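# Structure at a glance
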Amino acid sequence: MKLSILVSFCLFYLAQAKIRYQNLAQRAGADQVTISVYYECLCPDSIGFVVNQLYPAWQLFGSKLQIQHKPFGKANWTESVYSHAYDFTCQHGDPECTGNMIQACLLKLVDYESVVPLINCIMSSEYPPTALEQCLDQQNNPTSPTNVYNCMKNEGPVLLHDLGVETHGLNPPLTYVPWIMFNGVYNEADAVESWTDLKGVLCKKYLADSAECAFYNRYYANNRV
């Protein structure tokens, strides 16, 4: 009996120590953080987050911030019983479905270092569904428009469907966009705060010990009103 109590106490102590260590490690900051952004190409809030928060944070942190773009949002689809073709319905109409599919193809065709600024260019344009060729030209053509259009014709529906399956399978379920997750976990407080201060969230919780956060914190302190 005494042995079993001792074993139980040791297991409890180890579990508590692990939790404390994880909390300390999280507060201290990790070497890298992955942010997954579920969004729509014509949603004003999605555009604002990608352009004003996500891309500037990536410019600051570089490889320490790994971005997973998920251009689907609150869209839906039906599948033909006979042809197994997908018919997509998007919150902001068919052009948004086209724009989301363009970005899904870019994520397949273009390397990570090039696709992040490319998607930012598209999202910051006057009308994202038609900004592909302009932004490819501005970003030194990491792929060709022909490659993207061929992808949309041949693979695009499957790529967009796969994003839809992932988006619909989120737990907790997506209820608005942009839906933001850090290291695969949705934290509402972090997500909401990151809409207006992603760098601040990263520096408080995820990359606190980085040189970039030391710079950011000094800049913020010196420019606080």
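Structure: see above.
Note that the coordinates shown come from a computational prediction; the quantities given were computed from them, not determined experimentally.

What follows deals with the overall build of the protein. The helix and strand inventory of the protein stands at nine helices and five strands. From first element to last, N terminus to C terminus, the protein shows the α and β order α-β-α-β-β-β-α-α-α-α-α-β-α-α. For the protein, buried positions account for 40% of its 225 residues. Contacts in the protein between residues far apart in sequence, at least 24 positions, make up 67% of those at least 6 positions apart. Within the structure as shown, the protein displays about 12,500 Å² of accessible surface, and the carbon and sulfur contribution to it stands at 54%.

Enumeration over the complete set of coordinates arrives at five salt bridges. Across the pair K70 and E166 runs a salt bridge whose closest N-O atoms are separated by 3.2 Å. With K70 in strand 2 (residues 65–71) and E166 in helix 7 (residues 156–168), the pair connects residues that are 96 residues apart, well separated along the chain. The class for K70 is buried, based on a relative accessible area of 13%. E166 gets classed as partly exposed once you look at its relative accessible area, which sits at 31%. With its nearest N and O atoms 2.6 Å apart, the salt bridge here joins E193 to K204. Given the relative accessible area of 27%, E193 is considered partly exposed.

Per the counting criterion, the structure on display carries nine aromatic pairs. Here the aromatic rings of F72 and F88 are separated by 6.5 Å at their centres, their planes lie at 80°, and the arrangement is edge-to-face. Of the two residues, F72 is situated in the loop between strand 2 and strand 3 (76–79) and F88 in strand 4 (residues 86–89); the sequence distance between them amounts to 16 residues. Judged by its relative accessible area of 1%, F72 falls in the buried class. Classification of F88 by relative accessible area gives buried; the value is 10%.

All right, on to the sheet that holds strand 5 (residues 179–182) then. Ordered by their spatial adjacency, three strands build an open sheet running 2-1-5, and the pairing between neighbours is mixed. Because the sheet does not close on itself, it has two edges, and the strands there are strand 2 and strand 5. Adjacent strand axes in the sheet meet at a mean angle of 15°, parallel and antiparallel pairs treated alike. Of the strands in this sheet, strand 1 (33–39), strand 2 and strand 5 are in contact with helix 2 (residues 44–61), which crosses strand 2 at around 155°.

Rules used in this analysis
- Residues numbered from 1 in each chain as written.
- Predicted model: local features only at pLDDT ≥ 70, side-chain atom pairs only at ≥ 80, totals over all residues.
- Heavy atoms only, no water.
- Helix = DSSP H or I, 4+ residues; strand = E, 2+ residues; numbered from the N terminus.
- Buried < 20%, exposed > 50% of the residue type's maximum accessible area, 1.4 Å probe, protein only.
- Contact = heavy atoms within 4.5 Å.
- Areas by Shrake-Rupley, 256 points an atom, 1.4 Å probe, with all protein chains shown as cover.
- Salt bridge = Lys/Arg side-chain N within 4 Å of Asp/Glu carboxyl O.
- Phe/Tyr/Trp six-rings, centres within 6.5 Å; stacked < 30°, edge-to-face > 60°.
- Pairing = 2+ DSSP bridges.
- Axes fitted to C-alpha atoms, helices over the stretch in contact; angles between N-to-C directions.

It is worth stressing that arrangement in space is one thing and function is another; only the former is reported here.
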